[in-house]
Every structure is written in structure tokens, then in C-alpha cells.
Amino acid sequence: MENNIIKIYLTDRTGKEQALEVPTDMGLNLMEVCKSYELPVEGTCGGMALCASCHLYVISPHNNRPVNTDEEAMLDDAYEVKPNSRLACQIPITKALDGLRVQLAPEYPVEENAFADW
């Protein structure tokens, strides 16, 4: 495998694990990687930590940069938050993430006609 390619193992919402080959030299974050693999990660805010539509759980003990205040505030309002919750948009891809294991968080349930009065 090339020096600038790492593997990240992602478990989707059906329980299926996928091995993602990810370049470390493109300045990507994990949300962008998920979208490039056409995984069900919306990234509605474009990676600004404003929507939590890229919420996931970090399963492996990889050290990544700590949760910043914007991410922490967004996770406070997210659905089914756990101690290992992160926003994929706030996880920059580096060589240190080789072998990272993550799991997509459940989608936030949107009630039918929730916006009918708007």
C-alpha cells in the first residue's frame, strides 16, 4: 500500500463494516471521505460543525485532536450521543488514523409533516 494511503473501518447503520482506503495527502476530513464513498452521511453544513448530520462513534482507541467547543456544542444537541461521539467533519485525515474504526450514529428521526406549519 502506498505511504499516503491508510485504511479506516466504518460500520454503517445496517451493521456492515467497510474498509475505506483513504489518502492522507489531500487535506480531507472523515465526513468528506464518507461522502466520497457515497455513505449515508449528509454533511449538511459542509463541515462547519453546525448540524451533526455526520455524527459517528469512534470505536478504536485512536488519539485524534480533542473535541473543540463548536463540536461539543453541536453534540450537546445531537441524537443518541455517547462518550465516544464525534462529528466526522471535525476529524482530519492523518497517517495516525490508520486502522481507525468508527460506526455511524443512528439518523435523527424526522417526523412526517414535522414542517407542515412552516
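Small disclaimer: the values here were computed from a predicted structure and weren't measured.

1. Side note on the overall build of the protein chain
Counting its secondary structure elements, the protein chain contains two helices and five strands. Starting at the N terminus and ending at the C terminus, the protein chain contains elements arranged as β-β-α-β-α-β-β. Here the protein chain holds 118 residues, and 39% of them are scored as buried. On the protein chain, roughly 7300 Å² of surface is accessible, and the fraction owed to carbon and sulfur atoms is 48%.

2. Focus on the pairing of strand β1 (residues 5–11)
In terms of burial, β1 is a largely internal element, five of the seven residues being buried. Both β1 and strand β2 (residues 17–23) contribute to a ladder of seven bridges, which runs antiparallel. Residue pairing across strands places Thr-11 opposite Glu-17, the latter belonging to β2. As consecutive antiparallel partners, β1 and β2 are separated by five residues, and within that stretch Gly-15 has a phi angle of approximately 95 degrees, a positive value.

3. Some thoughts on the side chain of Ser-60
Relative to the helices and strands, Ser-60 is located in the loop between β3 (55–58) and α2 (69–76). Only 2.7 Å separates the side chain of Ser-60 from the side chain of His-62, close enough to count as a polar contact. Of the polar contacts made by the side chain of Ser-60, one reaches the backbone nitrogen of Arg-101; its length is 2.9 Å. When near neighbours in sequence (up to four residues on either side) are disregarded, Ser-60 contacts Gly-99, Leu-100 and Arg-101.

Criteria and cut-off values
Residues numbered from 1 in each chain as written. Predicted model: local features only at pLDDT ≥ 70, side-chain atom pairs only at ≥ 80, totals over all residues. Heavy atoms only, no water. Helix = DSSP H or I, 4+ residues; strand = E, 2+ residues; numbered from the N terminus. Buried < 20%, exposed > 50% of the residue type's maximum accessible area, 1.4 Å probe, protein only. Areas by Shrake-Rupley, 256 points an atom, 1.4 Å probe, with all protein chains shown as cover. Pairing = 2+ DSSP bridges. Polar contact = N/O pair within 3.5 Å; in protein donor to acceptor, adjacent residues only side chain to side chain. Contact = heavy atoms within 4.5 Å.

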